[in-house]
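# Reading the structure
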Amino acid sequence: MSASLAEKPTRVSDMATPATEPGSLRKEASWRKRDRAWGYIFIGPQVIGMVLFVLIPFAASLVLAFASWDGLTDLTWVGFKNFADQLQDPLLLKSIVNTLLLAVITVPVGLGLAIVIAVALEKLKTRTLYLILFFAPVVTSTVAVAMIWQQMFRSDGIFSATIGKMFGITPPDWLGDPKLALLAVCIVSVWSSLGLNVVIFMAGLQNISPSVIEAARIDGAGAFKLFTQIRLPLLSPIIFFSSIVAFISSMQTFDTVFILTQNAGPDNATRTIVYHIYDLGFGRFQFGPSSAAAVILLVMTLLITAIQFAAQKKFVHYEDDAA
């Protein structure tokens, strides 16, 4: 009895796991080092590509925005002269107006059509076939899409001839009329991006909790009320994401304009900011003004995106908040 009382209580430190042997530590360290090396190998091409084609051109563009250089002569610093000249250039102002019009038309129309089509296809058993058909323009080359629509927009093309027969008018000259050329670019932009938005919105609709829909139906909500007051608010995060992506994409429109309308259309009717940057840099070899216009585009995109993020607090609703 006295011997048992004399025994000291077992301490936590005595029950601890024995220390790992130095050999196993070295083995674990070598394994981590090898795993880290393979990680660097896999991300290496992406990092190199980003540095070569994103970071270095971005830094060079910032430098050239404050300089005068034609690619052959010596570089001369001019300060903010390029920005001042560009802000007074009527071609840049026209390109800004055209780009904003293109965004204002294509973003709401494209997203609205995508939502309607996604809701219509949701209950169809053959929706996979329709999704493939709608998504085909997304994976098709923009050059091929623009060339096909270029033939359709001709006065004797299918699109123009159909409109002429339907309304009994002379087929419109879409690409030759300054009032219709930008609208033609909008039609092609909406058509080519519609499939991606439809797929995104269908995924968003299927992600809505069935319990929320069932509760609304029990409360007597009809199909229209169910869509406008339940589904559409819960779909607002997807709409917000898609609107940002679509707006940024429309601000960068170039290839459709370059192929569809030659020399930015009649009277520069389809001249966008990116086309203006291309024309200055690779058409006139004025890399300073071209870089300044690119910086102006960057600032505009950041401001518009910031406005969208500020406005999303008023119309974006999440399912957790609704519950």
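Throughout this description, residue numbers start from 1 for each chain and increase along the sequence as written. Totals for whole chains, interfaces and linings use all residues, but because this is a predicted model, local features are given only for residues with pLDDT of at least 70 and pairs of side-chain atoms are given and counted only at 80 or more. Computation of side-chain values covers all heavy atoms of the structure but excludes hydrogens and water.

## Concerning the overall build of the protein
Note the threshold: Numbering of helices and strands runs from the N terminus, with a helix taken as a DSSP run of H or I at least four residues long and a strand as a DSSP run of E at least two residues long. Any residue under 20% of the maximum accessible area for its type is buried, any over 50% is exposed, and the rest in between are partly exposed; the area is computed with a 1.4 Å probe on protein chains only. Between two residues, a contact is recorded if the distance between any of their heavy atoms is within 4.5 Å. Values of accessible area rely on a 1.4 Å probe in the Shrake-Rupley scheme; residue burial ignores everything except the protein chains shown.
Scanning the protein from terminus to terminus reveals 16 helices and two strands. Split into buried and exposed, the 323 residues of the protein put 34% on the buried side. For the protein, restricting intrachain contacts to residue pairs at least 6 apart in sequence, the fraction spanning at least 24 positions comes to 67%. For the protein, the exposed surface amounts to about 20400 Å²; the carbon and sulfur share of it is 67%.

## Some points on the packing of aromatic side chains
Under the convention used in this document: Aromatic pairing here means that ring centres of Phe, Tyr or Trp (its six-membered ring) are within 6.5 Å. Orientation follows from the plane angle: under 30 degrees is stacked, over 60 is edge-to-face, and everything else is tilted.
By the definition in use, this model includes 21 aromatic pairs. Here the aromatic rings of Phe66 and Phe83 are separated by 5.3 Å at their centres, their planes lie at 50°, and the arrangement is tilted. In this pair, Phe66 sits in the loop between helix 3 (22-64) and strand 1 (67-68) while Phe83 sits in helix 4 (residues 81-87), placing the two residues 17 residues apart along the sequence. Taking relative accessible area as the criterion, Phe83 reaches 14% and is therefore assigned buried. Taken together, a centroid distance of 5.4 Å and an interplanar angle of 45° make the contact between Phe153 and Trp174 tilted. Note that Phe153 is positioned in the loop between helix 7 (142-152) and helix 8 (158-167) and Trp174 in the loop between helix 8 and helix 9 (178-206), a separation of 21 residues in sequence. For Phe153, a relative accessible area of 0% translates into the label buried. Ring pairing ties together the aromatic residues Trp69, Phe254, Phe258, Tyr275, Tyr278, Phe282, Phe285 and Phe287, which thus form one cluster.

## Description of the confidence of the model for the protein
Applied cut-off: Here pLDDT means the predictor's own confidence in every residue, given as a number from 0 to 100.
Of all residues in the protein, 90% attain a pLDDT of 70 or more, and the chain-wide mean is 85. Here residues 1-10 is a poorly scored stretch, pLDDT under 50, and it has one contact once near neighbours within four places are set aside; other chains count. Here residues 12-20 is modelled with pLDDT under 50, and outside its nearest four sequence neighbours on either side it reaches two contacts, counting other chains as well.

## With respect to the nonpolar core
Rules: Definition of nonpolar core: a set of buried residues of the types Ala, Val, Leu, Ile, Met, Phe, Trp, Tyr and Cys, connected through side-chain atoms within 4.5 Å.
Among the nonpolar cores identified, the biggest contains 37 residues, and Val198 and Phe201 are the most heavily contacted of them. For Val198, the residues in contact, after removing those within four places along its chain, are Ala114, Ile117, Ala118, Leu121 and Leu131. Judged by nonpolar contacts, the second largest core, of 16 residues, contains Trp149, Phe153, Ile163 and Val257.

## Section: empty space enclosed by the protein
If a probe the size of a water molecule is rolled over the atoms, the empty space left behind becomes visible. Operational definition: Grid points spaced at 1 Å and placed over the protein atoms alone form the basis of the search, with a cavity being a set where a 1.4 Å probe fits but cannot get out and a pocket an open set showing protein on both sides within 12 Å along at least five of seven lines. Lining residues have an atom within 4 Å of a point. Grid points are joined across faces, edges and corners, and a volume is the space filled by probe spheres set on the points. Residue polarity is assigned by list, with Asp, Glu, Lys and Arg as charged and Ala, Val, Leu, Ile, Met, Phe, Trp, Tyr, Cys and Pro as nonpolar; anything else, Gly included, falls into the polar class.
This model, assessed by the stated rule, comprises one cavity of 30 Å³ or more. Considered as a void within the structure, the largest cavity measures approximately 30 Å³ in volume. Residue lining of the largest cavity: Phe247, Ile248, Met251, Thr301, Ile304, Thr305 and Gln308, and that is the complete set. Listed by contribution, the elements that provide at least two residues to the lining of the largest cavity are helix 12 (236-251) and helix 15 (287-315). Broken down by element, the lining of the largest cavity gets its largest block of residues, four residues, from helix 15. Counted by class, the lining of the largest cavity contains four nonpolar, three polar and no charged residues.

## Overview of the layout of surface pockets
Its volume calculated, the largest pocket comes out at about 730 Å³. Lining the largest pocket are 25 residues, with Pro57, Ser61, Ile277, Ser290 and Ala294 sitting closest to its centre. Secondary-structure elements contributing two or more residues to the lining of the largest pocket are helix 3, helix 14 (273-283) and helix 15. For the lining of the largest pocket, the per-class residue count stands at 19 nonpolar, six polar and no charged. In this model, the second largest pocket occupies a volume close to 610 Å³. As for the second largest pocket, its lining consists of 29 residues, of which Ser189, Ser192, Ser193, Ser249 and Ser250 are closest to the centre.

## Digging into the environment of Val274
Relative to the helices and strands, Val274 is located in helix 14. C-alpha separation for the pair Val274 and Asp255, spaced 19 residues apart in sequence, amounts to 9.3 Å. Apart from the residues within four sequence positions on either side, Val274 is in contact with Met251, Gln252, Thr253, Phe254 and Leu297.

## Topic: helix 5 (residues 90-122)
Test applied: Helix span, expected: 1.5 Å multiplied by one less than the number of residues in the helix. In protein, a polar contact means a hydrogen-donor-capable atom and an acceptor-capable atom, both N or O and within 3.5 Å, with residues adjacent in sequence counting only if both atoms are side-chain atoms; elsewhere, any N or O pair within 3.5 Å suffices.
An ideal rise of 1.5 Å per residue puts 48 Å on 33 residues; helix 5 measures up with 47 Å between its terminal C-alpha atoms. Regarding helix 5, its N-cap is Asp89, as a side-chain oxygen of that residue lies 3.1 Å from the backbone nitrogen of Leu91 further along.

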